[in-house]
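# Summary of the model geometry
Here is what each chain is made of, one letter per residue.
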Amino acid sequence: MYVRKMSDTLSAIVSSTRRGQGKPALYVGLAGEAPRTPPARISLAGVDRVELGRGEARRIDHKKADGADLATVVLADARMSTQHARVTRLGGAWVIEDLGSKNGTWIGTQRITRKPLVDGDVVIVGHTVLVFREAGGEDGDLDGVPAAIIPGLATFSSILAERYRELASAARSTVPIQITGETGTGKELAARAVHELSGRSGRFVAVNCGALPGTLLEGELFGHKKGAYTGAGDERPGLIRSADGGTLFLDEIAELPASAQAALLRVLQEGEVVPLGGDRPVKVDLRIVTATHRNLEADVLANRFRADLRARLLGVDLVLPRLRDRREDLGMLVTALLDRLAPDRDIAFSADAVTALYTHDWPLNVRELERALAAALAVAGARIELNHLPAAVGETEPLEPPAVLVDTSTLSPEDRELRDKLVASIAKHQGNLAGVARELAKDRTQIRRWMKRFGLTRDDAGD
């Protein structure tokens, strides 16, 4: 066991060295019993050891102790022990160890006694989540929500914050802005923020180019004269003219058909639009913001997107990260969504629900998070349990309570053999119940029943 732990530690040191010399940080995220508690960042720059424990109120202290730089982090979490866990710098790596706490220290769904931390690890102590990052602690500690460089877009991510600064600086110019990111990452929210910062007096008009049928798209964008086509019973100015003096946000611009691409190019080149069925151009003053989850350069090479239009759209690029790549922001996002969805309700989360929120991959990103919380709030009372979350989000191993001691001498020979087999499998798979279930050819519900019957937990993996 000692050899395996030392090997893990050395691997973490090598891995940390390869990834660079960023200043690491611990981020205090969602607190299950008090989810509206502001987040915090503890910089690990210059720190040798972090002591984690329970207290009356949150406190982050730094001091010298035994020649080492010590950070003491006290959290108001009733499920934590007074001396709960310790994080220690070992060369270029950080190692976390449980100090015999009552409710354990967890990395994701695995209860640990001692383990090297890797970038992005989700650590659960008591009812509170900590996220470890190898970089981000350059600016020291931060107790509370970071300042929003762009309205409504606060982030702990130093890389994303820098991109927001660039975006805010470019907002008052006429340079085109392209926002790239997966579905649900907040592209329209960022585009609206650009408009608010631009100082333009006109409207913000958002168009989803992929949602309108090709037969209607050009008429909706460029407007049309009465009788321009079948069904055009009256004259319409179109969305581009509606955004005159303001900002036109073209979401999923890669979905524009070729004819609409040519007409949009004219708008950008000449600053004018010709409605369908018309022969006179109309001047427009626009700020263009586009968004896509596609690679436009690849589309240009494949002749799916005009190279000259792509050139006209070049400017400032903002790439929005996936939610699973910015878990340090998750607690802050959950709090903001609770304030919007249930401003007058006192809500708590079970430990299982907190774990599910932090271990789910969120393929639909912030939009999926919002819908998951809305669904849970619709059926939950004052406490959101794991079963209140959508099934896809809840597909995580629940945190089992500490085991009840079982007198194995009272077990039958068959039960003793089954228990030994179960213990060996839990140790082999290091507490991963999916692996145990596969090896024993049983579903996880049955595995959990056996574990409860024999007084076992995933901690019996032997860490």
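In this report, the structure presented in the accompanying data block is examined. These numbers come from a predicted model, not from an experiment.

Our focus in this paragraph is the sheet that holds strand S15 (residues 204–208). Spatial ordering of the open sheet is given by S15-S16-S19-S14-S20, a layout of five strands whose pairing is parallel. A single partner strand is all that each edge strand has here, and the edge strands are S15 and strand S20 (316–319). Neighbour-to-neighbour, the strand axes of this sheet turn through a mean angle of 15°, independent of strand direction. Of the pairings in the sheet, the one linking strand S14 (residues 177–180) to S20 comprises four bridges and is parallel in character. Each bridged residue has a counterpart across the sheet, and for Thr180 the counterpart in S20 is Val319. Contacts between helix H2 (residues 158–170) and the sheet are confined to S14, strand S19 (287–292) and S20, with S20 contributing the most and set at about 145° to the helix. Sheet contacts for helix H3 (residues 187–198): S14, S15, strand S16 (247–251), S19 and S20; angle to S16, the most-contacted strand, approximately 165°.

To continue, consider unusual backbone geometry. Unlike most non-glycine residues, Asn365 shows phi in positive territory, near 60°. Looking at the secondary structure, you find Asn365 in helix H11 (residues 365–379). By relative accessible area, which is 0% here, Asn365 ends up buried. Phi at Ala441 takes a positive value of approximately 55°, unusual for a residue other than glycine.

Taken in spatial order, the seven strands of this open sheet run S9-S8-S11-S12-S1-S2-S13, and their pairing is antiparallel. What marks the edges here is a single partner per strand, and that holds for strand S9 (110–112) and strand S13 (142–143). Direction of pairing for strand S11 (residues 122–125) relative to strand S12 (residues 128–133): antiparallel, over a ladder of four bridges. Its bridge partner being in S12, Val125 is matched across the sheet by Thr128.

For the rest of this paragraph, the subject is H2. With 13 residues, H2 extends 19 Å between its outermost C-alpha atoms, agreeing within 8% with the 18 Å of an ideal straight helix rising 1.5 Å per residue. Elements in contact with the buried residues of H2: S14, H3, S19 and S20. For H2, the N-terminal cap is Ser157; the gap from its side-chain oxygen to the backbone nitrogen of Leu160 is 3.1 Å.

Taken as a whole, this structure holds 30 salt bridges when the rule is applied. Linking Arg36 and Asp339 is a salt bridge whose minimum nitrogen-to-oxygen distance equals 2.7 Å. Of the two residues, Arg36 is situated in the loop between strand S1 (25–31) and strand S2 (40–43) and Asp339 in helix H9 (residues 330–341); the sequence distance between them amounts to 303 residues. On the basis of relative accessible area, Asp339 is assigned to the partly exposed category, the value being 40%. Ionic pairing is found between Arg266 and Glu272, a salt bridge with its closest N-O pair at 2.6 Å. Take Arg266: its relative accessible area is 36%, and that puts it in the partly exposed class.

Turning our eyes to something else, we now look at the packing of helix H12 (residues 413–428) against helix H13 (residues 433–440). It is at 9 Å that the axes of H12 and H13 come closest, and there the two elements cross at 130°. For the element pair H12 / H13, the angle class is oblique. Note on packing geometry: the crossing formed by H12 with H13 is right-handed. Contacts between H12 and H13 involve Lys421, Leu422, Ser425, Ile426 and Lys428 on the former and, on the latter, Val436, Glu439 and Leu440. Classifying every residue of the contact of H12 with H13 gives four nonpolar, one polar and three charged.

In this model, the largest pocket occupies a volume close to 710 Å³. At the level of secondary structure, the elements contributing two or more residues to the lining of the largest pocket comprise H3, H9 and H11.

Calculation criteria
- The residue numbering used here restarts from 1 in each chain and proceeds along that chain's sequence as written.
- Whole-chain, interface and lining totals are the exception, using all residues; otherwise, since this is a predicted model, local features are given only for residues with pLDDT of at least 70 and side-chain atom pairs are given and counted only at 80 or more.
- In computing side-chain properties, one takes all heavy atoms of the structure into account and sets aside hydrogens as well as water.
- When DSSP finds two or more bridges between two strands, those strands count as paired.
- Numbering of helices and strands starts at the N terminus; helices are DSSP runs of H or I of at least 4 residues and strands are runs of E of at least 2.
- Here the axes come from fitting lines to C-alpha atoms, over the contacting stretch only for helices, and the angles between their N-to-C directions go from 0 to 180 degrees.
- In what follows, residue pairs with any heavy atoms lying within 4.5 Å of each other are defined as contacts.
- In this scheme, a residue with accessible area under 20% of its type's maximum is buried, one over 50% is exposed, and one in between is partly exposed, where area comes from a 1.4 Å probe on protein chains only.
- Expected helix span is taken as 1.5 Å per residue step, with the number of steps being one fewer than the number of residues.
- The definition of a polar contact used here is a pair of N or O atoms within 3.5 Å, where within protein one atom must be able to donate a hydrogen and the other to accept one, and adjacent residues in sequence count solely through side-chain atom pairs.
- The working definition used for a salt bridge is a side-chain nitrogen of Lys or Arg within 4 Å of a carboxyl oxygen of Asp or Glu.
- Working definition: roughly parallel below 35 degrees, roughly antiparallel above 145 degrees, roughly perpendicular at 65 to 115 degrees, and oblique for all remaining angles.
- Working rule for handedness: look at the near helix, and if it is turned counterclockwise from the far one by less than a right angle, call the crossing left-handed; if clockwise, right-handed.
- Gly counts as polar in this scheme, as do all residues outside two lists: the nonpolar Ala, Val, Leu, Ile, Met, Phe, Trp, Tyr, Cys and Pro, and the charged Asp, Glu, Lys and Arg.
- As defined here, a cavity is a set of points on a 1 Å grid over the protein atoms alone where a 1.4 Å probe fits but cannot get out. A pocket is an open set with protein on both sides within 12 Å along at least five of seven lines, and residues line them when an atom is within 4 Å of a point.
- Grid points are joined across faces, edges and corners, and a volume is the space filled by probe spheres set on the points.

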